[in-house]
Amino acid sequence: MSFPLNPAQAEAVRRTDAPMLVLAGAGSGKTRVIAAKIARLVAGGTDPAKIVAITFTNKAAREMRERAQGLLRAQGREDAASAVRIATFHALGLAIVRAEAKRLGLRPGFSVLDPQDLETVVAELAATADRSRARKAQWAISAWKNALVPPAQALALARDDDERAAAKAYAGYADALSAYQAVDFDDLIRLPVELLERDPAARGRWQERCEHVLVDEYQDTNPAQYRLFRALVGERGRFTAVGDDDQAIYGWRGATLDNLARLPDDYPGLVVVKLEQNYRSTTRILASANALIANNAKLHDKRLWSDRGHGDAIRVVAARDEEQEAEIVASAISAHRFEHRGRWSDYAVLYRGNHQSRAFEAAMRAQSIPYEVSGGQSWFERAEIKDLIAYLRLIANESDDPAFLRAVGVPRRGVGQTTLAKLSEAAAAGGTSLAAAVRDRAFSSAAQPRAHSELVAFVTLVEDLRRRAAKEPAGRLIDELLREIGYEDHVVATCDKREAEAKLQSVADFTGWLARKGETDRRNLFDLAQMIALVTMLEGRDGEGADAVRLSTLHAAKGLEFPHVHLVGLEEGILPHRESIEAGTIDEERRLMYVGVTRAERSLSLSFCRTRSRAGLRVDCQPSRFIGELAQDDLRWAGQPLPPDEAAREKAAGAERLKALKAALARR
DNA sequence: TAGAGATTAGTTTTT
DNA sequence: CTAATCTCTA
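About the criteria used
Residues numbered from 1 in each chain as written. Chains lettered and ligands numbered in written order. Predicted model: local features only at pLDDT ≥ 70, side-chain atom pairs only at ≥ 80, totals over all residues. Heavy atoms only, no water. Pairing = 2+ DSSP bridges. Helix = DSSP H or I, 4+ residues; strand = E, 2+ residues; numbered from the N terminus. Axes fitted to C-alpha atoms, helices over the stretch in contact; angles between N-to-C directions. Contact = heavy atoms within 4.5 Å. Buried < 20%, exposed > 50% of the residue type's maximum accessible area, 1.4 Å probe, protein only. Arc of directions from axis to C-beta. Parallel < 35°, antiparallel > 145°, perpendicular 65-115°, else oblique. Left-handed = near helix turned anticlockwise from the far one by under 90°. Nonpolar A, V, L, I, M, F, W, Y, C, P; charged D, E, K, R; others polar.

K.L.:
What am I meant to see in the sheet that holds strand S1 (residues 20–24) here?
P.N.:
The 6 strands lie next to each other as S3-S2-S6-S7-S1-S8, forming an open sheet whose pairing is parallel. Each end of this open sheet is capped by a strand with a single partner; those strands are strand S3 (85–88) and strand S8 (271–275). With direction set aside, neighbouring strand axes in the sheet form an average angle of 15 degrees. Relative to strand S7 (residues 239–243), S1 runs parallel, the two being bridged by 4 bridges. Bridged to Leu23 within S7 is Gly243. Sitting on the sheet, helix H1 (residues 7–14) is in contact with S1 and S8, with an inclination near 145 degrees to S8.

Written as structure tokens, this is what we have:
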């Protein structure tokens, strides 16, 4: 895109002296505007180190960095590109917590724990073995943290027994984190807010470094993020908030459109610019998107238009079940690509929930179509990588008991449940961490001399690596760690050949990544251990280079665009999701659909299933109400009704399965 | 203590 | 129907 900025875009870029809200419709070139504005600020004499651009995802941050880099290079300020701080909210929060660790009562090596690490902690505190209850409690605690509600006030806000249990666990949860010298994701926003709001000196320091703040996807900020933003921006209020209320899809995570609504009141000089020209989609796709979103109450009226021709009709396909749906979509993609001599990466399949990818992965494999699943498990989340990360965290932070418990069991070293239970007891009695209890000989087990000496060896190894971590390159330390614990032998011994190869490969990728990061960003092992938790979604699967069909959730697809989009599983209960129907938050589901529709550049296909198997049983489905809300004249129905004999057979098979299940239940 | 088999519960979205 | 836990034995 080298043509000039349109008048609205130019206006958004030009005004750098006032607080600004840019209402950027889908596909209206907002990344371009932000990058151009960064370049403009630099050209206008703003110190690049005092420009802060905040995104929600690592991917968005990287994309923005690349765009800004390109522009800065063109104006001969390549040096400025690396000085500008472009980060996610959480990465920025981490930077603040790191810099201010002492004032926040944290040691420099504190750990960042992801929700997975904390699930067991919450389960223990909530005194339940029931996973779904534990996760509910964890969920509630996270919601309170995002609303900046301290433990003492949570109980008053709890509305049911589950939430009351969570409120009781909340204080213990906070204590556990501080005992571990650890923070969770929510703390990365919450702690900076608390510090900046109570400590004028710290506030001044950070405001000094935030001469201009740009926020991407502003509509998805939650109350804590808004307060962090306000604290950084200060009275001066030099910022550019870019957002689109029609694309707010993170209400379930505490995001609130209040932040958008109140901006004119909080900053009376606010300049509002609307970007209404869409550079992405055909007018037919846009007409349907507009018709759909017209069903929502609107904060700001926008009229999206495009000059990209009206394009093909939107296809709607009714499939028998999810397998047939996947097969139809895969065949369609294959045929279309052949006919148009396109690339696989021109196609995307978008769905509501991660589990829906299964059928499509199977169909893609069956038809030898290369595909890439986004949002799914990146190598950071694989068990073997999490094992290594546990070692890193423990090396960086002796108090990280969850990391201790994970690392001590990999590879098996003759230390089992019984020994660890005794160790926990000793540590609790002495008020120390598990590692410290071993080191300080607070714990001894005459009955299990072998287990005990293994524990000591384990802790000694970790301490040795910790001593060296500040000076030596991270890559070398990891290699040594792997050798010391005999990791390769362990993998070979515990898995079959194929599996072992895959694991060793991903471990090699991981150590290679660490070594690279260590060199290019001059990160030592302590720094790396802290940032890893935030990077889980990024980097691992980076589809950019690969020519593959993209399978993605609607949430993960936001900000992306594809020539050809297949929106699948459009059924009542899925999109809109059942829970949203019950909670009465259909408009957010509609925005999710809107996001999906507006990802498409040239063609859009919609599909739904007449039946779907759930927990082994076949259930009937209704097409999503959202299909009926699109521009009906632009839809072309391609689904054939289910042949009667097949319908009957399906029904019989379903009844048979139900009977078998009931019989099995009766037997018990 | 550790691995292999049985049993059981479950389906939203993510930094 | 899967993917996790949980239980049992070597």
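Further notes follow.
K.L.:
Quick question: what am I supposed to make of helix H17 (residues 357–366) here?
P.N.:
Ser357, Ala359, Phe360, Ala363 and Met364 are the residues of H17 that are buried. One side of H17 carries all its buried residues, which in axial view fall inside an arc of 160 degrees. In this structure, H17 carries Arg358, Arg365 and Ala366 as exposed residues pointing more than 90 degrees from its buried face. Along its buried surface, H17 packs onto helix H16 (322–340), strand S10 (347–351), strand S11 (371–373) and strand S12 (549–553).

K.L.:
It is not clear to me how the pairing of strand S13 (residues 562–567) should be interpreted in this structure. Could you clarify?
P.N.:
For a regular strand, side-chain orientation follows a simple rule: the groups alternate between the two sheet faces. The element S13 is largely enclosed, with a buried count of 6 among its 6 residues. Relative to S13, S10 runs parallel, the two being bridged by 4 bridges. Pairing of Ala348 across the sheet is with Val565, part of S13. Pairing geometry for S13 and strand S14 (residues 600–609), over 5 bridges, is parallel. The partner of His566 across the bridge, within S14, is Ser605.

K.L.:
In this structure, what is going on with the sheet that holds strand S17 (residues 635–637)? I would like to understand it.
P.N.:
Within a sheet, adjacent strands bond to each other through the backbone by hydrogen bonds, running parallel or antiparallel. An order of S11-S12-S10-S13-S14-S9-S17 is seen for the 7 strands of this open sheet, with the pairing classed as parallel. The sheet terminates laterally at S11 and S17, the two strands that pair on one side only. Strand-to-strand, the axes of this sheet are offset by a mean angle of 20 degrees, without reference to chain direction. Sheet strands in contact with helix H15 (residues 283–293) are strand S9 (314–319), S14 and S17, and its direction is about 55 degrees off that of S14.

K.L.:
How should I be thinking about the packing of helix H5 (residues 89–99) against helix H10 (residues 187–198) in this particular structure?
P.N.:
Relative to each other, H5 and H10 sit at 50 degrees, their axes nearing to 8 Å. Judged by the inter-axis angle, H5 sits oblique to H10. Regarding H5 and H10, the two cross each other, and that crossing is left-handed. From H5, Phe89, His90, Gly93, Leu94, Ile96 and Val97 reach across to H10, where they touch Leu188, Ile189, Leu191 and Pro192. Of the residues that constitute the contact of H5 with H10, the class distribution is 8 nonpolar, 2 polar and no charged.

By themselves, these are just geometric observations and shouldn't be taken as functional.
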